[in-house]
Amino acid sequence: MKEDDMMALLRRTAVGLWIVFAAIGVTWAEDIAATVEPPVVKAQEPEAFLVVLNISGPTLLASNQDITDNGKELVSLPRSTYKRLSIAPGPHEFRFKPFPSGKRVAHLEAQANNTYYLVVGYSPGKSWAFPLGGDPMTIKVVSEEDATPLMKEMMAQ
């Protein structure tokens, strides 16, 4: 066999193999595409937003304010800080974790796409006169107008 004939045979064989492998590759690609399901896009749950502000006054030993929402831990914040959280729409009952019952509670009926502000804290100046000076613990839902000036003096978490 001549060298030119040998080269022609190799070319034809290479082209034939290329066609076979290309066809197999296309079928494999089609099989793979058929078995891979498109990602399921979950509908985004509606959510509301809550900004929790710790307005605790200065104390000898600083401690975080641990807050629960419907009995579940929500946030633990150091003094003079605030945190923005996502919450589900619906009823919420906020309490200090160390006080799971009693009158130290704030209620909220959250609606989707709204932002609410929860002020929590300990006022050491009131504690020495308790109960005549009032409860030294504060937990209440306030308006954005009331929360904005407080947030300017705090650090975000």
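Every value quoted in this text rests on a predicted model; they were computed, and no experiment measured them.

Participant: Which residues make up the sheet that holds strand β2 (residues 65–69), and what are the values?
Facilitator: Strand order in the open sheet formed by 4 strands is β3-β2-β5-β6, and the pairing between neighbours is antiparallel. Of all the strands in the sheet, just β3 (72–77) and β6 (105–110) have a single pairing partner and so form its edges. Mean inter-strand twist for the sheet, computed between neighbouring axes without regard to direction, equals 25 degrees. Here β2 pairs with strand β5 (residues 90–96) via 3 bridges, running antiparallel. For I67, the partnering residue across the bridge sits in β5 and is F96.

Participant: Would you mind going over the packing of aromatic side chains in detail, with residue names and values included?
Facilitator: Two descriptors summarise a pair of aromatic rings, namely the distance from one centre to the other and the angle between the planes of the rings. This model, assessed by the stated rule, comprises 1 aromatic pair. Centre to centre, the rings of F96 and F99 are 6.3 Å apart; their planes meet at 90 degrees, and the pair counts as edge-to-face. The buried category is assigned to F96, whose relative accessible area is 1%. A residue is classified by how much of its surface remains accessible, and F99, at 31% relative accessible area, is partly exposed. The positively charged end of R84 is found above the aromatic ring belonging to F49, 4.1 Å away from the centroid. One cation-aromatic arrangement involves R104 over F99; the distance from NZ or CZ to the ring centre is 4.4 Å.

Participant: A description of the layout of surface pockets should follow, citing residues and the corresponding values.
Facilitator: In this model, the largest pocket occupies a volume close to 190 Å³. Along the walls of the largest pocket sit 15 residues, with S63, N64, Q65, Y122 and M137 positioned nearest its centre. For the lining of the largest pocket, the class distribution of residues is 7 nonpolar, 6 polar and 2 charged.

Participant: Before we move on, can you summarise the nonpolar core with the specific residues and values?
Facilitator: The biggest cluster of nonpolar side chains holds 18 residues, and the ones touching the most others in it are L50, V52, F94 and L118. In contact with V52, other than residues within four places in its own chain, are L74, V75, L77, T81, Y82, K83, L85, L118 and V120. Core analysis: the second largest hydrophobic core is formed by 9 residues, V51, Y82, Y117 and M151 among them.

Participant: Could you give an account of the side chain of N54, naming the residues involved and the relevant values?
Facilitator: By the secondary structure assignment, N54 is in strand β1 (residues 48–54). Among the polar contacts listed, one links the side chain of N54 to the backbone oxygen of L77, at a separation of 2.8 Å. Setting aside anything within four residues of it in sequence, one finds N54 in contact with Q65, L77, P78, R79, S80, T81, V120, G121 and M154.

Participant: So what about the pairing of β1? Which residues, and what values?
Facilitator: A large share of β1 lies buried, amounting to 7 of its 7 residues. In β1, alternate side chains face the same way, and those of A48, L50, V52 and N54 on one face and F49, V51 and L53 on the other are all buried. Across 6 bridges, the pairing between β1 and strand β4 (residues 81–87) is antiparallel. Its bridge partner being in β4, F49 is matched across the sheet by S86. Note that β1 and strand β7 (residues 115–122) share 6 bridges and pair parallel. Looking at the pairing, L53 lines up with V119 of β7.

Calculation rules
- Residues numbered from 1 in each chain as written.
- Predicted model: local features only at pLDDT ≥ 70, side-chain atom pairs only at ≥ 80, totals over all residues.
- Heavy atoms only, no water.
- Pairing = 2+ DSSP bridges.
- Helix = DSSP H or I, 4+ residues; strand = E, 2+ residues; numbered from the N terminus.
- Axes fitted to C-alpha atoms, helices over the stretch in contact; angles between N-to-C directions.
- Phe/Tyr/Trp six-rings, centres within 6.5 Å; stacked < 30°, edge-to-face > 60°.
- Buried < 20%, exposed > 50% of the residue type's maximum accessible area, 1.4 Å probe, protein only.
- Lys NZ or Arg CZ within 6 Å of the ring centre and 35° of its normal.
- 1 Å grid on protein atoms, 1.4 Å probe; cavity = no way out; pocket = protein on both sides within 12 Å on 5 of 7 lines; lining within 4 Å.
- Points joined across faces, edges and corners; volume = space filled by probe spheres on them.
- Nonpolar A, V, L, I, M, F, W, Y, C, P; charged D, E, K, R; others polar.
- Core = buried A, V, L, I, M, F, W, Y, C linked by side-chain atoms within 4.5 Å.
- Contact = heavy atoms within 4.5 Å.
- Polar contact = N/O pair within 3.5 Å; in protein donor to acceptor, adjacent residues only side chain to side chain.

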